[in-house]
Amino acid sequence: SARDADGAVLAAAGVSVGDATVGRLDTLVPGAGPVELVIDATVASLHGETIRTALGKRLRATHAVPAGETSKSVEQAAALWSALRLGRDGTVVAAGGGSALDLAGFVAATHLRGVAWASVPTTLVGQVDAAIGGKTAIDLPGGKNLVGAFHWPVHVVADPRLLSTLPESERRNGLAEVVKTGLLAGEPLWELPEAEQVRRCASFKAALCLQDPHDRGPRTQLNLGHTFAHALEAASDYGLPHGRAVALGLLAACRLSGLGEEARLVEEILRPEPVE
């Protein structure tokens, strides 16, 4: 049950945030039909057994995909389309960072004209941002997220305990999205403990996405810094980590908008490094 406004928003959006939530996947993933797991290969070695055990008898198959942005390709999507054996009563469960979730969500949106999917983000970027809101996509050589669909997950399970295995570089990536959300919310969310950062940021994004599910109005503010960031990522052939690109994008956006105090905060907290 919701204990506050954030809890009510998260419940409305189908988002569960909390320690040990991943252990309840079999009940948190709606329905009684079969499940196939799409999991980031790195995450599979760290948390795969925990996730598979939690899904229990519903789990029919597991599909590992490469870690990182390179997984969001037509080739990877086609491989999953060929491998899935789910009917329309089945559910794709996606576990990993934002790239794995984008790929699996897009495949779910297009398999049999759309099957249900649930999201288990295992990175800070995923838990505070990428897993929420129903945007799914793959990349093309010409740019990021050029082929996609709005396909809201039936449930998002964000367990902050899964972040314990994150390297510091991935934490910094996620912190860029926390700072972005804090600037939009007008609150220093980056000062909160990590688990509370996840809860507050997830609630903020969920509230905007519930108001504007197809990104035609209020939700567009979530793109703060991302126009620059996506250009930098594409120019680097996706070698530049998303969080670093967002940090640079936030700094550029704040400076161009004359937001001196906000630019100072971005520099102080994220210390974005120029792209060489």
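Quick note: structure is the one above.
Residues numbered from 1 in each chain as written. Predicted model: local features only at pLDDT ≥ 70, side-chain atom pairs only at ≥ 80, totals over all residues. Heavy atoms only, no water.

**As for the pairing of strand 3 (residues 59-65)**
Moving on, step 1. Where strand 2 (residues 35-40) meets strand 3, six bridges bridge the pair, whose relative direction is parallel. Bridge assignment links Val 35 to a residue of strand 3, and that residue is Leu 59.
Moving on, step 2. Handedness of the crossover joining strand 2 and strand 3 through helix 3 (residues 41-55): right-handed. (Pairing = 2+ DSSP bridges. Helix = DSSP H or I, 4+ residues; strand = E, 2+ residues; numbered from the N terminus. Right-handed = clockwise from strand over helix to strand, strands pointing away.)

**Some details on the sheet that holds strand 8 (residues 155-158)**
Moving on, step 1. As summarised here, the arrangement of the six strands in space is 1-8-5-4-2-3, forming an open sheet in which the pairing is parallel. A single partner strand is all that each edge strand has here, and the edge strands are strand 1 (15-17) and strand 3. Direction aside, the axes of adjacent strands within the sheet are offset by 15° on average.
Moving on, step 2. Sheet topology note: the strand 2/strand 4 (residues 91-96) ladder contains five bridges and is parallel. Bridge assignment links Val 35 to a residue of strand 4, and that residue is Thr 91. (Axes fitted to C-alpha atoms, helices over the stretch in contact; angles between N-to-C directions.)

**Looking at the pattern of salt bridges**
Should their charged atoms come close, side chains of opposite charge can pair.
Moving on, step 1. Counted according to the given criterion, the structure contains 16 salt bridges.
Moving on, step 2. Two residues, Glu 69 and Lys 72, come together in a salt bridge whose shortest N-O distance is 3.2 Å. The residues Glu 69 and Lys 72 share a single accessibility class, namely buried.
Moving on, step 3. For the salt bridge of Asp 215 with Lys 135, the shortest nitrogen-to-oxygen distance reads 2.7 Å. Taken together, the positions of Asp 215 in the loop between helix 8 (194-211) and helix 9 (226-235) and Lys 135 in strand 6 (residues 135-140) put the pair 80 residues apart, joining distant regions of the chain.
Moving on, step 4. Taken together, the shared-partner salt bridges in this structure form one network comprising Glu 69, Lys 72, Asp 102, Asp 139, Lys 144 and Glu 233. (Salt bridge = Lys/Arg side-chain N within 4 Å of Asp/Glu carboxyl O. Buried < 20%, exposed > 50% of the residue type's maximum accessible area, 1.4 Å probe, protein only.)

**Considerations on the pairing of strand 8**
Along any regular strand the residues' side chains alternate between the sheet's two faces.
Moving on, step 1. Burial along strand 8 is two-sided: the face carrying His 155 and Val 157 and the face carrying Val 156 and Ala 158 are both buried.
Moving on, step 2. Note: strand 1 against strand 8, three bridges, orientation parallel. Within strand 8, the residue paired with Val 17 across the bridge is Ala 158.
Moving on, step 3. Where strand 5 (residues 116-121) meets strand 8, two bridges bridge the pair, whose relative direction is parallel. Opposite Ala 118, over in strand 8, you have His 155 as the bridge partner.

**Quick word on unusual backbone geometry**
Moving on, step 1. A positive phi angle, near 75°, is found at Ala 20, a position not held by glycine.
Moving on, step 2. In this fold, Ala 20 is placed in the loop between strand 1 and helix 2 (25-28).
Moving on, step 3. Residue classification places Ala 20 among the partly exposed positions, given a relative accessible area of 33%.
Moving on, step 4. Although it is not a glycine, Leu 112 sits at a positive phi angle of roughly 55°.
Moving on, step 5. Inspection of the secondary structure puts Leu 112 in the loop between helix 5 (98-110) and strand 5.

**Thoughts on the packing of helix 9 against helix 10 (residues 242-256)**
Moving on, step 1. The N-to-C vectors of helix 9 and helix 10 enclose an angle of 135°; their axes lie 7 Å apart at closest approach. When the axis of helix 9 is compared with that of helix 10, the two are oblique. Of the two elements, helix 9 crosses helix 10, and the hand of that crossing is right-handed. Residue-level contacts link His 226, Phe 228, Ala 229, His 230, Leu 232 and Glu 233 of helix 9 to His 242, Ala 245, Val 246, Leu 248, Gly 249, Ala 252, Ala 253 and Leu 256 of helix 10. (Parallel < 35°, antiparallel > 145°, perpendicular 65-115°, else oblique. Left-handed = near helix turned anticlockwise from the far one by under 90°. Contact = heavy atoms within 4.5 Å.)

**Digging into the nonpolar core**
Moving on, step 1. In terms of nonpolar packing, the biggest core is built from 27 residues, with Val 179, Trp 190 and Leu 270 touching the most fellow members.
Moving on, step 2. Secondary-structure elements contributing two or more residues to this core are helix 6 (124-130), helix 7 (168-185), helix 8, helix 10 and helix 11 (260-270).
Moving on, step 3. Considering every element that reaches this core, the biggest residue donor is helix 10, with six residues.
Moving on, step 4. Core analysis: the second largest hydrophobic core is formed by 26 residues, Leu 10, Val 38, Trp 117 and Val 156 among them. (Core = buried A, V, L, I, M, F, W, Y, C linked by side-chain atoms within 4.5 Å.)

**Some thoughts on the state of the cysteines**
Moving on, step 1. Applying the stated criterion across every chain yields a total of zero disulfides.
Moving on, step 2. Looking at the unpaired Cys 209, the closest cysteine sulfur is the one in Cys 201, lying at 13 Å.
Moving on, step 3. The structure places no disulfide on Cys 254, whose sulfur is separated from the nearest cysteine sulfur, that of Cys 201, by 16 Å.
Moving on, step 4. Judged by relative accessible area, which is 2%, Cys 254 ranks as buried. (Disulfide = S-S within 2.5 Å.)

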